[in-house]
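Understanding the architecture of this molecule
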Amino acid sequence: MVVPKSTKKSTVVPATEVEPKVTSKKVTKTITTTPITTTTTPTATTATTKKALSKFEKNRSFPTPSSKSTKSNKKQIQVEKSPIEKIKEIESQVIESTENSNKILEIIKICKSNIKELEIVFESIKSLERIFTNLFDSSNPIICREFKLLKNSNKELQCQSKEPLVIYIHWLYKIYVGYLELLKELLIHEDPSIQLPALTTLLNILKRESILLSTLPNEEKDGIIIDDEDKQHYYNLSKQGLKQLISTMMFSNTFNTKLLDHFTENYLLKYQDLFYFSLLSINEISISTMPLTKKINNNNNNNNNSNDLDESEFKLQYPNVSSISKFVENLFDFLTFFEPLQLVPDEWEFWVGKPHFSCITENNSSLKTKLKQQSKKSQLEKPKNFNEKEWEKLSSNWSLLTKISSYRSIFSKSWISFLTLPLPPTIYKHVLLGLPERVFPYLTDARVLLDFFTNSYDLGGVTSILALNGVFILITKYNLEYPDFFKKLYSLFQPGVLYAKYRARFFKLADLFLSSKTLPNYMVAAFIKRCATLCLISPPYGSLILLPLIYNLLQRNVTCHCLINNPIKQLSNSQIQAQQQQVTRQSVLLIKQDLEPQESLDNNNNNNNNNNTIKGLYGNDPYDPLEEDPSKCNAISSSLWEIQILRDHYAPEVSKMAKLFDNGLKNIIDLNEFSFVTYQVMYENSFKKKSSTVPLAYQQKSKLIEQDIDFMSDWKF
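Residues numbered from 1 in each chain as written. Predicted model: local features only at pLDDT ≥ 70, side-chain atom pairs only at ≥ 80, totals over all residues. Heavy atoms only, no water.

Here we look at the overall build of the protein
Counting its secondary structure elements, the protein contains 34 helices and zero strands. Residues counted as buried form 43% of the 717 residues belonging to the protein. Here the analysis covers contacts within the protein between residues at least 6 apart in sequence; of these, 71% occur between residues at least 24 apart. When the accessible surface of the protein is totalled, it reaches about 42,300 Å², and 53% of it is carbon and sulfur. (Helix = DSSP H or I, 4+ residues; strand = E, 2+ residues; numbered from the N terminus. Buried < 20%, exposed > 50% of the residue type's maximum accessible area, 1.4 Å probe, protein only. Contact = heavy atoms within 4.5 Å. Areas by Shrake-Rupley, 256 points an atom, 1.4 Å probe, with all protein chains shown as cover.)

A few points about the environment of K477
Mapped onto the fold, K477 is located in the loop between helix 24 (461-476) and helix 25 (485-491). Note on K477: relative accessible area 64%, which makes it exposed. Along the primary structure K477 and A446 are separated by 31 residues, whereas in three dimensions their C-alpha atoms are 9.7 Å apart.

A few points about the packing of aromatic side chains
Two aromatic rings, taken as a pair, are described by how far apart their centres are and by the angle between their planes. On inspection of all chains with the given rule, the structure shows 49 aromatic pairs. When the ring of W348 is compared with that of F350, the centres are 6.4 Å apart and the planes differ by 5°; the resulting orientation is stacked. On the basis of relative accessible area, W348 is assigned to the buried category, the value being 8%. Above the plane of the ring of W351 lies K207, whose end atom (NZ or CZ) is 3.9 Å from the centre. (Phe/Tyr/Trp six-rings, centres within 6.5 Å; stacked < 30°, edge-to-face > 60°. Lys NZ or Arg CZ within 6 Å of the ring centre and 35° of its normal.)

Remarks on the side chain of D273
Looking at the element boundaries, D273 is found in helix 15 (residues 272-288). For D273, which is buried and forms no salt bridge, the nearest opposite charge comes from K207, at a distance of 8.6 Å. Contact partners of D273, with chain neighbours within four places excluded, come to L237, E349, F350, W351, V352 and L401. (Lys, Arg positive; Asp, Glu negative; His and termini not counted. Salt bridge = Lys/Arg side-chain N within 4 Å of Asp/Glu carboxyl O.)

Structural notes on the packing of helix 5 (residues 83-96) against helix 7 (residues 118-135)
The description of two helices packed together rests on the angle between their axes and the distance between the axes. The contact between helix 5 and helix 7 brings their axes to 10 Å, and the two run at 0°. Taken as axis vectors, helix 5 and helix 7 run roughly parallel relative to one another. Together, P83, I84, I87, K88, E91, V94 and I95 of helix 5 and E119, I120, E123, S124, S127, R130, I131, N134 and L135 of helix 7 make up the contact between the two elements. Here the contact of helix 5 with helix 7 is built from residues that sort into eight nonpolar, three polar and five charged. (Axes fitted to C-alpha atoms, helices over the stretch in contact; angles between N-to-C directions. Parallel < 35°, antiparallel > 145°, perpendicular 65-115°, else oblique. Nonpolar A, V, L, I, M, F, W, Y, C, P; charged D, E, K, R; others polar.)

A short note on helix 20 (residues 388-401)
A rise of 1.5 Å per residue sets the reference length of helix 20, with its 14 residues, at 20 Å; its end C-alpha atoms lie 20 Å apart and thus fit the reference within 8%. Those residues of helix 20 that sit buried are W391, L394, N397, W398 and L401. Projected down its long axis, helix 20 carries its buried residues within an arc of 130°, all on one side. The exposed residues of helix 20 that point more than 90 degrees off its buried face are K389 and K393. (Expected span 1.5 Å × (residues − 1). Arc of directions from axis to C-beta.)

Side note on the side chain of K326
Mapped onto the elements of the fold, K326 is located in helix 18 (residues 324-335). E329 is the oppositely charged side chain nearest to the buried, salt-bridge-free K326, at an N-O distance of 4.5 Å. Aside from chain neighbours lying at most four places away, what touches K326 is S252, N253, F255 and V321.

Notes on the confidence of the model for the protein
Mean pLDDT over the protein: 78, with 72% of residues reaching 70 or higher. Predicted confidence for residues 1-72 stays below pLDDT 50, and this span has 19 contacts to residues more than four positions away or in other chains. Residue range residues 581-618 is modelled with pLDDT below 50. Its contacts to residues more than four positions away, or to other chains, number 67 contacts. (pLDDT = per-residue confidence, 0-100.)

Brief notes about the nonpolar core
With 179 residues, the main nonpolar core has F418 and I550 as its most contacted residues. Looking at this core element by element, the count peaks at twelve residues for helix 9 (residues 164-187). Every residue in contact with I550, bar those within four places of it in the chain, is listed here: I528, C531, A532, C535, L640, I643 and F661. (Core = buried A, V, L, I, M, F, W, Y, C linked by side-chain atoms within 4.5 Å.)

Quick look at the environment of E209
You can see E209 is positioned in helix 10 (residues 192-213). Separated by 73 residues in sequence, E209 and F136 place their C-alpha atoms 9.0 Å apart. Dropping the residues within four chain positions of it, E209 is found in contact with F147, K151, Y176 and L180.

Considering helix 15
Between its terminal C-alpha atoms helix 15 stretches 24 Å, which fits the 24 Å expected from 17 residues at 1.5 Å a residue. Most of helix 15 sits out of view: 14 of its 17 residues are buried.

Considerations on the environment of Y267
Locating Y267 in the fold gives a position in helix 14 (residues 257-268). Once the C-alpha coordinates of Y267 and W351 are considered, the two residues, 84 residues apart in sequence, prove to be 8.1 Å apart.

Topic: unusual backbone geometry
Even without glycine at this site, N479 takes up a positive phi of about 60°. Turning to its location among the elements, N479 is positioned in the loop between helix 24 and helix 25. Although it is not a glycine, N634 sits at a positive phi angle of roughly 60°. Counting through the fold element by element, N634 comes out in the loop between helix 31 (615-618) and helix 32 (641-646).

Notes on the packing of helix 26 (residues 503-513) against helix 28 (residues 540-556)
Close contact between helix 26 and helix 28 brings their axes to 11 Å; oriented N to C, the two are set at 10°. Between helix 26 and helix 28, the crossing angle belongs to the class labelled roughly parallel. Between helix 26 and helix 28, the residues in contact are R503, F507 and D511 and Y541, I545, L546, L549, N552 and R556, respectively. Here the residues of the contact of helix 26 with helix 28 sort into five nonpolar, one polar and three charged.

Observations regarding the pattern of salt bridges
If charged atoms from side chains of opposite charge come close, those side chains can pair. Tallied over the full model, the rule gives twelve salt bridges. Between D621 and K529 there is a salt bridge, with its nearest N and O atoms 3.2 Å apart. Residue D621 is found in the loop between helix 31 and helix 32, and its partner K529 is found in helix 27 (residues 521-537); the two are separated by 92 residues along the sequence. Shared partners join several salt bridges into a network, and the residues in it are E91, E123 and R130.

Focus: empty space enclosed by the protein
Gaps left between atoms are located by rolling a probe of water-molecule size over the structure's atoms. Tallying each qualifying case throughout the model produces three cavities of 30 Å³ or more. In terms of lining, the largest cavity is formed by K151, L180, K184, L202, I205, L206, E209, G241, Q244 and L245. Elements with a contribution of two residues or more to the lining of the largest cavity: helix 9, helix 10 and helix 13 (239-250). The element best represented in the lining of the largest cavity is helix 10, accounting for four residues. (1 Å grid on protein atoms, 1.4 Å probe; cavity = no way out; pocket = protein on both sides within 12 Å on 5 of 7 lines; lining within 4 Å. Points joined across faces, edges and corners; volume = space filled by probe spheres on them.)

Some points on a nonpolar patch on the surface
A contiguous nonpolar surface patch, about 270 Å² in accessible area, is contributed by L536, I537 and I645. With respect to the helices and strands, I645 occurs in helix 32. Taking relative accessible area as the criterion, I645 reaches 44% and is therefore assigned partly exposed. (Patch = residues over 30% accessible without salt bridge, like charges linked within 9 Å, V, L, I, M, F, W, Y side chains within 5 Å.)

So this is what it looks like as structure tokens:
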């Protein structure tokens, strides 16, 4: 049978087109040997293709891919998206269409499940911030109305409207509240790197809230068009939102300096509204906790066992803070940053809104000119249908924030309310030390702290020492009447003050207080005599502080020189005169002889003849060291016999200091040089000294006590 030409062509040509070049020869060979099979060309080609592929993959380990296996492999190869990519994808979907708003909960879930991953937490809270900023559109009056209604209500409101937008806003607000709770949890996190972005996001959210809660004129009713710049005049900061933010930080155990520095440097120092309303929040927080803290403080004073119950009540009310002491410590750290404005700034800057130049109470001339040029209207006029109360509230808000005196006022109120809280001992000391210098100059009237400082001064001990400076400033600068001030100061000169941590500060202030020229001589003499008495029972470094103080007091008060220049009365009794002649060194520091000669003689005769008593010669000291009132201690009738004894002190530094009184009080002694002397300092100074001569033994001894020497021969019994 002869094969037609057309058939040959039809069989050969497709084979060369379909098959690879490697197998073309084999295919043609099969066609020539079995021409009958060429009638079914497609099937032949597919069969040869499979055969060729199987030979090609003969030595391969993987099976021949099929259509089903390729689809399954594609699914397996697909890489799962990272949490950050998921967050970005959800954000774009929600912003594109509100139908995807349910996916907001997925972002919150991702954030909570990856709370230790800083990058994921940061991306999630920022993504949610952008989503809510976009969804809560401040240009939509319905959204602003419903948001204000929901925010100002204390209870959870149920949506009664059938309008889809209103229903959506109510549903979205519930998610928004959950987002705020998440941010507050992150704000009290242990890691500061999580706290800082949480605080930044909360402040940005606060700005959006403030804009939504602000009241704007109705453009349709008033027939006006308000541009974005003019709208700034109607915005004001949400006080309640800022108070909640600050209370979250104050009632926490994780409040730290990094969080405080971030808040102060980036926000409070730049924006006056945040500065003012933060102080207002501190004042309100202190007042709100006052009933509970007062109850605890009273129980502490009465040693009542119900104190533990009150502490537990406080923890139940504020579970994020461990104790009242920690809460007070947080308040103190936050308050110490604030320093109210003294001068009008070059430009008023606010976190929310911008006042019209006609509403600014105090400003610089350059700022006033600049604002006039920028403003289109010379005066901000009230719109026709605008609420009268809202208008007054708006104008008073801007006038308050642009007045220097308002910052001093709220600063004073915040500190006064803080000082009513039960202060822990450590905070109490810091408050007493810092108030005179850092708080007094900025108060509207420092006399409001009169009771606080007088009560602290009356407590005694270290507290009185620390309160000393504040009380003295109130007396000298603010005309405080405190007649028992020097009586209380006199009672503080006790041996314990020489060992106190603040002894240098105490003696420096005491020297300052006693430098007044209006003090009577008996008062100064009482302090001099009390210091001299303390020298006898104090360590050497205590005497080195007290002796310069005595020296300076005598140098400033000439009327007290009788303490060192009282001559000894010449007695007629021959025995006493003979005893007086035996005194090798006559001191001008000895007191007067108040005893009569015969009485002194009788006293001497009653004693053993071998015991040369000096009672008759020197007499009794009229000074009463146990008397608490310096005006009744009779120090002016005494003398400084203590300094005579200190001349022979075992410490050479003290002995040298006591001998300075022989030079007529002409030297100048700086009290600060000896205020910080300790045993260690004295040892180091003596170790550095180089002696020119070294004492040597004349005859070397082999034994401590020689046997042939009666060492008891000089003893008489």
